[in-house]
Amino acid sequence: MMNRIFAAAVLGLSVTVCHAQSSVTLYGVVDDAFMFNSNDGGKHQYALMDGAMNSNRWGLKGNEDLGGGWAALFAVEGGFSLNSGAMGNSNTLFGRQSFVGLSGPYGKVTLGRQYSAGDSYTGELSAGGTWAFNGSGAGAHPADVDNLDDFRWINNAIIYATPEYRGLSGKVMYSPGGVPGSTKQNSIIGLGAGYNNENLRVGIGYLIVNNPNYSFYGNNAGSSTTGSNFWSPVDSGFASAGSERIFSVGASYSIGPATLGAVYSNTQFRDLGRTPVEGLTDTENAYRGTQTFNIGELNATYQFSPATLIGVSYSYTHSSGVTSATYHQVNIGFDYSISKRTDFYGGVVYQRAAGTDSRGLPAVANIAAVDPSSGQNQTVALVGISHKF
């Protein structure tokens, strides 16, 4: 009886969808990898790292044809841990995306929780934002301080995306802070543009974040409203910043099966000490001025066959201002598609740190997907499988 009722309900839904010329798609990714970490607080670590290549997720997306080239659209997407079943994004149900909008001949407008417009073009040109284990962030720049691997989403975002014209496209984003009596506090503004033709890709982005500890780093349901939402010694000492600026630019060029790329980013934590944060040391809360991270990356991939991709990248990060540190990182990875939906992958990430980190202590290596090392060096090796549905 229940089966007949369920079948009738599905049939009724299908008829409604066809009549309205709309569609709804259930999709997702399940991904898991075996990982070796050479130094987790001074000890070797062997563990499973879920979502290493592609973050584990499930979602619904749909659109309705409104006629005249216009359509209504939506997406809701949540992350989860494959190994524990726990909800991802600090216990946020649809923490990866949740938006509704309209698209038409003049572009697309979406409202909700979304990826940043400021780095969406350049992130796709970095190794950590694509083939270098971008699901877990293992291949991201230290602490993903420039957000090219999208560690941080934007709440309350309004994004306008232009139509593509001869390979050119752009996005403008505004997120009001939602603070009574203030249009600036906790607000975020983002700009991005890109060019894409058969061989050449170029991207540029700019992001202006006010009160980043709460508006940018603290954007999940489980985030603190009084303490620090930073998690890495690379930048955690700068949680008291009044604002953050991220500029990024990148390009790639394909020559047959080979693609060569370069990315540069400049991240500034400005007006340090404007917002004292619980949990920071007295030294960290006493920081003043601006801390700047300059990052340069070179990367290359080679498509040996339609199913086999190998990539390598090197990035150099220099942090300067109230403290000074450098981070060298090398990513090596491969991806082998055994079908349209299932991949085997693996590789190695190595990082070396020097100088003084954000806490005012000797800098330690901290590959973004794992806990900090106890020393200057850290290596993560992994092999895994990813399936899309």
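Conventions and cut-offs
Residues numbered from 1 in each chain as written. Predicted model: local features only at pLDDT ≥ 70, side-chain atom pairs only at ≥ 80, totals over all residues. Heavy atoms only, no water. Helix = DSSP H or I, 4+ residues; strand = E, 2+ residues; numbered from the N terminus. Rg over C-alpha atoms; globule rule 2.2 N^0.38 Å. Buried < 20%, exposed > 50% of the residue type's maximum accessible area, 1.4 Å probe, protein only. Contact = heavy atoms within 4.5 Å. Areas by Shrake-Rupley, 256 points an atom, 1.4 Å probe, with all protein chains shown as cover. Core = buried A, V, L, I, M, F, W, Y, C linked by side-chain atoms within 4.5 Å. Polar contact = N/O pair within 3.5 Å; in protein donor to acceptor, adjacent residues only side chain to side chain. Phe/Tyr/Trp six-rings, centres within 6.5 Å; stacked < 30°, edge-to-face > 60°. Pairing = 2+ DSSP bridges. Salt bridge = Lys/Arg side-chain N within 4 Å of Asp/Glu carboxyl O.

Caption draft 1: View of the overall build of the protein chain. Secondary structure summary: the protein chain contains five helices and 17 strands in total. Compactness check: the protein chain gives a C-alpha radius of gyration of 22 Å against a globular reference of 21 Å for 389 residues, within 12% of the reference. Within the protein chain, the fraction of its 389 residues that count as buried is 48%. In the protein chain, once contacts between residues fewer than 6 apart in sequence are set aside, the share between residues at least 24 apart is 61%. Surface accessibility of the protein chain: about 17600 Å² in total, with carbon and sulfur atoms responsible for 61%.

Caption draft 2: Fine view of the nonpolar core. By size, the foremost hydrophobic cluster in this structure holds 30 residues, and its most contacted members are Met173, Ile188, Leu207, Phe216 and Phe269. The set of elements that each furnish at least two residues to this core consists of strand S7 (154-161), strand S10 (200-210), strand S12 (258-272), strand S13 (289-305) and strand S15 (325-337). At three residues, S7 tops the list of elements feeding residues into this core. Apart from residues no more than four positions distant in its own chain, Ile188 is found in contact with Ile154, Met173, Tyr174, Ser175, Leu207, Ile208, Val209, Ser215 and Phe216. Counting 13 residues, the second largest nonpolar core, distinct from the first, contains Ala52, Phe133, Tyr345 and Val370.

Caption draft 3: Region of the structure containing the side chain of Gln268. Positionally, Gln268 belongs in strand S12. On the basis of relative accessibility, which here comes to 18%, the residue Gln268 falls in the buried class. Looking at Gln268, its side chain comes within polar contact range of the side chain of Asn266, at 3.3 Å. Residues in contact with Gln268, not counting those within four places in the same chain, are Ser243, Glu244, Arg245, Thr290, Gln291 and Thr292.

Caption draft 4: Structural view of the packing of aromatic side chains. By the definition in use, this model includes 13 aromatic pairs. Centroid distance Phe238 to Tyr287: 5.9 Å. Interplanar angle 40°. Geometry classified as tilted. Here Phe238 is found in the loop between helix H4 (212-215) and strand S11 (243-255), whereas its partner Tyr287 is found in the loop between helix H5 (282-285) and S13, with 49 residues between them in sequence. Given the relative accessible area of 0%, Phe238 is considered buried. On the basis of relative accessible area, Tyr287 is assigned to the buried category, the value being 8%. An aromatic cluster is defined as three or more aromatic residues linked by ring pairs; in this entry it consists of Phe216, Tyr217, Phe230, Phe238, Phe269, Tyr287 and Phe293.

Caption draft 5: The side chain of Ser386, seen in detail. Within the element layout of this structure, Ser386 appears in strand S17 (residues 377-388). Its relative accessible area of 1% is what places Ser386 among the buried residues.

Caption draft 6: Inspection of the pairing of strand S16 (residues 342-355) at higher detail. Two strands pair when backbone bridges link them, and S15 and S16 are joined in this way by 13 bridges, in the antiparallel orientation. Bridge pairing in S16 places Phe334 opposite Gly346. Adjacent in sequence and paired antiparallel, S15 and S16 are bridged by four residues. The pairing of S16 with S17 spans eleven bridges and is classified as antiparallel. Residue Tyr345 lies in a different strand from S17, and its bridge partner there is Gly384.

Caption draft 7: Fine view of the pattern of salt bridges. Applying the stated criterion to the full structure yields four salt bridges. Residue Glu77 pairs with Arg96 through a salt bridge whose shortest N-O separation is 2.8 Å. Here Arg96 lies in the loop between helix H2 (88-91) and strand S5 (97-104) and Glu77 lies in strand S4 (residues 70-79), a separation of 19 residues in the sequence. Here Glu77 matches Arg96 in class, with each residue buried.

Caption draft 8: Spatial organisation of the environment of Tyr350. Tracing the chain through its elements places Tyr350 in strand S16. Exposure remark for Tyr350: the relative accessible area of 30% places this residue in the partly exposed category. Note: C-alpha distance between Tyr350 and Asp271 (79 residues apart in sequence) is 33 Å. Setting aside residues no more than four positions away along its own chain, Tyr350 makes contact with His328, Gln329, Val330, Asn377, Gln378 and Thr379.

Caption draft 9: Summary view of the environment of Trp153. Within the secondary structure, Trp153 is located in the loop between helix H3 (120-123) and S7. Spatially, the C-alpha atoms of Trp153 and Pro176 are 14 Å apart, while their sequence positions differ by 23 residues. Contact partners of Trp153, with chain neighbours within four places excluded, come to Asn89, Gly95, Arg96, Arg113, Gln114, Tyr115, Phe216 and Asn219. At 2.6 Å, the side chain of Trp153 and the backbone oxygen of Arg96 are in polar contact.

Caption draft 10: How the structure looks around the environment of Tyr336. Within the secondary structure, Tyr336 is located in strand S15. What makes Tyr336 partly exposed here is its relative accessible area of 39%. Sequence separation between Tyr336 and Phe80 is 256 residues, and the spatial gap between their C-alpha atoms is 24 Å. Here Tyr336 is in contact with Ala307, Thr308, Thr342, Asp343 and Phe344, once residues within four sequence places are set aside.

Caption draft 11: Broad picture of the pairing of strand S3 (residues 57-67). For strand S1 (residues 22-40) and S3, the ladder comprises eight bridges, and the chain directions are antiparallel. Across the sheet, residue Thr25 finds its bridge partner in S3, namely Lys61. As judged from the ten bridges shared by S3 and S4, these two strands associate in the antiparallel manner. When the sheet's bridge partners are listed, Asp65 is paired in S4 with Ala71. Counted between consecutive antiparallel strands, the loop separating S3 from S4 contains two residues, among which Gly68 sits at a positive phi close to 65°.

Keep in mind these values describe shape, not function.
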